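Okay, here's what each chain looks like letter by letter:
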Amino acid sequence: MQEISFRNDILPLKDKLFRLALRITLDRAEAEDVVQDTMIRVWNKRDEWPQFESVEAYCLIVAKNLAIDRSQKKEAQNVELTPEMEEEPDANSPYDRMVHDEKMRIINRLVDELPEKQRLIMQLRDIEGESYKKIAALLNLTEEQVKVNLFRARQKVKQRYLEIDEYGL
């Protein structure tokens, strides 16, 4: 079994942990605190690292649980994704940028309105690029449940977006 290094194996996960925590807490400062607390907890469990099937999955679970705890305590409100987290299109004109920004605001709002499980699954799959298997292990679900929840989340966002786009609802 490969030796696990904090610097090489765990520290590089901080950005992924931050994005996960931000999606859950909807607050940058809270997400930063979650990442810091996660790193401390993982470091304190360093004697147990060789027993973990995946240190990355363990880190994600710790961050997810801490973020959920913090968001439930604070009952955080919506925050939009920052420009660093969204891909900029090749929009040249100010009008194109405005249209793109408005679409992103609507999509972010619709994703934030999803039930927590669907929102987490969508974050992990569509934004983090995690496999169905890893998401299932992380959230203690079957791969089939992950796929069903992801499908429903995407459909709900798509349906609501089309309603807003076509009818302004």
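For the chain, an unreviewed UniProt entry supplies the name RNA polymerase ECF-type sigma factor and the organism Bacteroides finegoldii. Under the UniProt heading Sequence similarities (unreviewed entry), the note attached to the chain is "Belongs to the sigma-70 factor family. ECF subfamily."

Caption draft 1: How the structure looks around the overall build of the chain. The secondary structure content of the chain amounts to eight helices and zero strands. Beginning at the N terminus, the succession of helices and strands in the chain can be written as α-α-α-α-α-α-α-α. Per-residue burial for the chain yields a buried fraction of 38% across its 169 residues. The contacts in the chain between residues at least 6 apart in sequence include a share of 67% that link residues at least 24 apart. Carbon and sulfur atoms provide 48% of the accessible area of the chain, an area that totals close to 10,700 Å².

Caption draft 2: Structural context of helix α8 (residues 143-167). Here α8 contains 25 residues, and its C-alpha end-to-end distance of 36 Å stays within 8% of the 36 Å for a straight helix at 1.5 Å per residue. When we look at burial in α8, the residues that qualify are Val 146, Asn 149, Leu 150, Ala 153, Val 157, Tyr 161 and Ile 164.

Caption draft 3: Quick peek at the packing of helix α7 (residues 132-139) against α8. Two numbers describe how α7 lies on α8: the axes approach to 8 Å, and their chain directions differ by 100°. With respect to each other, α7 and α8 are oriented roughly perpendicular. In this structure, α7 contributes Tyr 132, Lys 133, Ile 135 and Ala 136 to the contact, and α8 contributes Glu 143, Val 146, Lys 147 and Leu 150. Residue composition of the contact of α7 with α8, by class: five nonpolar, no polar and three charged.

Caption draft 4: How the structure looks around the pattern of salt bridges. By the definition in use, this model includes 15 salt bridges. The salt bridge partner of Glu 163 is Arg 160, with a shortest N-O separation of 2.9 Å. Placement of the pair is Glu 163 and Arg 160 together in helix α8, with a separation of three residues, close to one helical turn. Within this structure, Lys 16, Glu 56, Glu 130 and Lys 134 form a network of salt bridges that share partners.

Caption draft 5: How the structure looks around unusual backbone geometry. Located in the positive-phi region is Leu 26, a residue other than glycine, with phi close to 60°. Even without being glycine, Asn 140 reaches a positive phi, approximately 60°. Within the element layout of this structure, Asn 140 appears in the loop between α7 and α8.

Caption draft 6: Representation of the nonpolar core within the structure. With 42 residues, the main nonpolar core has Ile 10, Leu 17, Leu 20, Cys 59, Ile 121, Met 122 and Leu 139 as its most contacted residues. The set of elements that each furnish at least two residues to this core consists of α2 (14-25), α3 (28-44), α4 (55-74), α5 (94-112), α6 (116-127), α7 and α8. Considering each element in turn, this core owes the most residues, eight residues, to α4. Each of two domains, domain 1 (1-83) and domain 2 (98-168), supplies a minimum of three residues to this core. What Leu 139 contacts, discounting residues up to four positions off in sequence, is Lys 64, Leu 120, Ile 121 and Leu 124.

Caption draft 7: Summary view of the side chain of Asn 149. Mapped onto the secondary structure, Asn 149 falls in helix α8. Among the residues examined, Asn 149 registers a relative accessible area of 12% and is labelled buried. Within polar-contact distance, the side chain of Asn 149 engages the backbone oxygen of Gln 145 at 2.8 Å.

Caption draft 8: Quick peek at α7. Ile 135, Ala 136, Leu 138 and Leu 139 are the residues of α7 that are buried. Projected down its long axis, α7 carries its buried residues within an arc of 165°, all on one side. Away from its buried face by more than 90 degrees, α7 exposes Lys 133 and Ala 137.

About the cut-offs
- Residues numbered from 1 in each chain as written.
- Predicted model: local features only at pLDDT ≥ 70, side-chain atom pairs only at ≥ 80, totals over all residues.
- Heavy atoms only, no water.
- UniProt positions renumbered as here; feature names shortened; annotations may be inferred.
- Helix = DSSP H or I, 4+ residues; strand = E, 2+ residues; numbered from the N terminus.
- Buried < 20%, exposed > 50% of the residue type's maximum accessible area, 1.4 Å probe, protein only.
- Contact = heavy atoms within 4.5 Å.
- Areas by Shrake-Rupley, 256 points an atom, 1.4 Å probe, with all protein chains shown as cover.
- Expected span 1.5 Å × (residues − 1).
- Axes fitted to C-alpha atoms, helices over the stretch in contact; angles between N-to-C directions.
- Parallel < 35°, antiparallel > 145°, perpendicular 65-115°, else oblique.
- Nonpolar A, V, L, I, M, F, W, Y, C, P; charged D, E, K, R; others polar.
- Salt bridge = Lys/Arg side-chain N within 4 Å of Asp/Glu carboxyl O.
- Core = buried A, V, L, I, M, F, W, Y, C linked by side-chain atoms within 4.5 Å.
- Domains from an automatic or database assignment.
- Polar contact = N/O pair within 3.5 Å; in protein donor to acceptor, adjacent residues only side chain to side chain.
- Arc of directions from axis to C-beta.

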